[in-house]
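Observations on the model geometry
Listed below, chain by chain, are the residues.
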Amino acid sequence: QVDEKDNYTYRHCRNVMRYSVKILRRLLGDSASFDNLVVASLFHDVGKCFVPDEILQKQSTLTRAEFQRMMRHSMDSARLLVPKFGKEIADIARSHHERLDGSGYPFGLSGDEISLESRIISVADSFDAMTTKRPYNTVKTYEEAASELLGLPEQYDCTICAILKELVDAGEIPGTEDTRE
């Protein structure tokens, strides 16, 4: 359904899931539980199915009202995920736009109020958005994006960003399954 609505979002969710798994594996090793992270990252933007096409596919900067409508997608994602996957996965997906300094949404959570999985998805989500072509951004190289995220410790977890940079520098991201277009 996401692919039918917006192919970019579909590809983006797959990339975010792949990056998130690589980060968690580097952070905690193969013995880590990946189930919640995989499901939450793969479906973190499913709520965009409720965003009108004229907003989702707009070729210019969103107005304030349009951006406020777009921001509801994380709550819509959680609402869709609860019945199928439970509250924990829904909470992880809902929090992917929260920032360590409390500047994110939908609740303005900060620091340890944001789960490890949500912090990982937040980094992977921003990284993919920065490295793929969208009407409102200038595409950055993987190295530029990883360095920029590492330089924002007030918003993004430094340990997670450092791992992302290590993976990029080692050529493990993008990896052979790169789906950028």
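Note: the structure precedes this text.
Residues numbered from 1 in each chain as written. Predicted model: local features only at pLDDT ≥ 70, side-chain atom pairs only at ≥ 80, totals over all residues. Heavy atoms only, no water.

Some points on helix H2 (residues 7-28)
The terminal C-alpha atoms of H2 lie 32 Å apart, and with 22 residues this matches the ideal 32 Å at 1.5 Å per residue to within 8%. Looking at the residues trailing H2, positive phi occurs at glycine 29, about 85°. (Helix = DSSP H or I, 4+ residues; strand = E, 2+ residues; numbered from the N terminus. Expected span 1.5 Å × (residues − 1).)

So, the nonpolar core
Among the nonpolar cores identified, the biggest contains 35 residues, and Ile23, Val123, Phe127, Leu149, Leu164, Val168 and Ile173 are the most heavily contacted of them. Elements with a contribution of two residues or more to this core: H2, helix H3 (35-42), helix H6 (73-85), helix H7 (87-94), helix H8 (116-131), helix H9 (142-150) and helix H10 (158-169). (Core = buried A, V, L, I, M, F, W, Y, C linked by side-chain atoms within 4.5 Å. Buried < 20%, exposed > 50% of the residue type's maximum accessible area, 1.4 Å probe, protein only.)

Quick look at unusual backbone geometry
Residues tyrosine 105 and proline 106 are joined by a peptide bond in cis, for which omega reads 15°. Locating proline 106 in the fold gives a position in the loop between H7 and H8. The omega torsion across isoleucine 173 and proline 174 is 20°, close enough to zero to call that bond cis. Mapped onto the elements, proline 174 comes out in the segment after H10.

Looking at the packing of H3 against H7
The geometry of a pair of packed helices is captured by two quantities: the angle between their axes and the separation between those axes. Contact geometry for H3 and H7: axes closest at 9 Å, N-to-C directions at 50°. By the angle class used here, H3 and H7 are oblique. The way H3 lies across H7 gives a crossing that is right-handed. Across the interface between the two elements, Asn36, Val39 and Ala40 from H3 touch Glu88, Ile89, Ile92 and Ala93 from H7. Counted by class, the contact of H3 with H7 contains five nonpolar, one polar and one charged residues. (Axes fitted to C-alpha atoms, helices over the stretch in contact; angles between N-to-C directions. Parallel < 35°, antiparallel > 145°, perpendicular 65-115°, else oblique. Left-handed = near helix turned anticlockwise from the far one by under 90°. Contact = heavy atoms within 4.5 Å. Nonpolar A, V, L, I, M, F, W, Y, C, P; charged D, E, K, R; others polar.)

Some words on the environment of histidine 12
Structurally, histidine 12 can be placed in helix H2. Distance from histidine 12 to serine 126, taken between C-alpha atoms, is 10 Å for residues 114 residues apart in sequence. The residues contacting histidine 12, other than those within four sequence positions of it, are His44, Asp45, Asp125, Asp128 and Ala129.

Quick word on the side chain of glutamate 66
Along the chain, the position of glutamate 66 falls in helix H5 (residues 64-71). Looking at glutamate 66, the relative accessible area reads 18%, which means it is buried.

As for the packing of H2 against H8
Direction vectors running N to C along H2 and H8 enclose 130°, while the axes themselves pass 8 Å from each other. Between H2 and H8, the crossing angle belongs to the class labelled oblique. Relative to H8, the crossing made by H2 is right-handed. Contacts between H2 and H8 involve Tyr8, His12, Asn15, Val16, Tyr19, Ser20, Ile23, Leu24, Leu27 and Leu28 from the first element and Leu116, Ile120, Ile121, Ala124, Asp125, Phe127, Asp128 and Ala129 from the second. Taken together, the residues of the contact of H2 with H8 break down into 13 nonpolar, three polar and two charged.

Topic: H7
For the α-helix, the turn length of 3.6 residues means that residues three or four positions removed from each other point alike. Along H7, the residues classified as buried are Ile89, Ala90, Ile92, Ala93 and Arg94. At its buried positions, H7 is contacted by H3, H6 and H8.

A closer look at the pattern of salt bridges
Evaluated as defined, the whole model comprises twelve salt bridges. Its salt-bridge partner being arginine 25, residue aspartate 30 comes within 2.7 Å of it at the nearest N-O pair. Between lysine 87 and aspartate 91 there is a salt bridge; the shortest N-O distance is 2.6 Å. With lysine 87 and aspartate 91 both in helix H7 and four residues apart, the pair spans about one turn of that helix. When salt bridges that share partners are traced, they join Arg26, Glu166 and Glu172 into one network. (Salt bridge = Lys/Arg side-chain N within 4 Å of Asp/Glu carboxyl O.)

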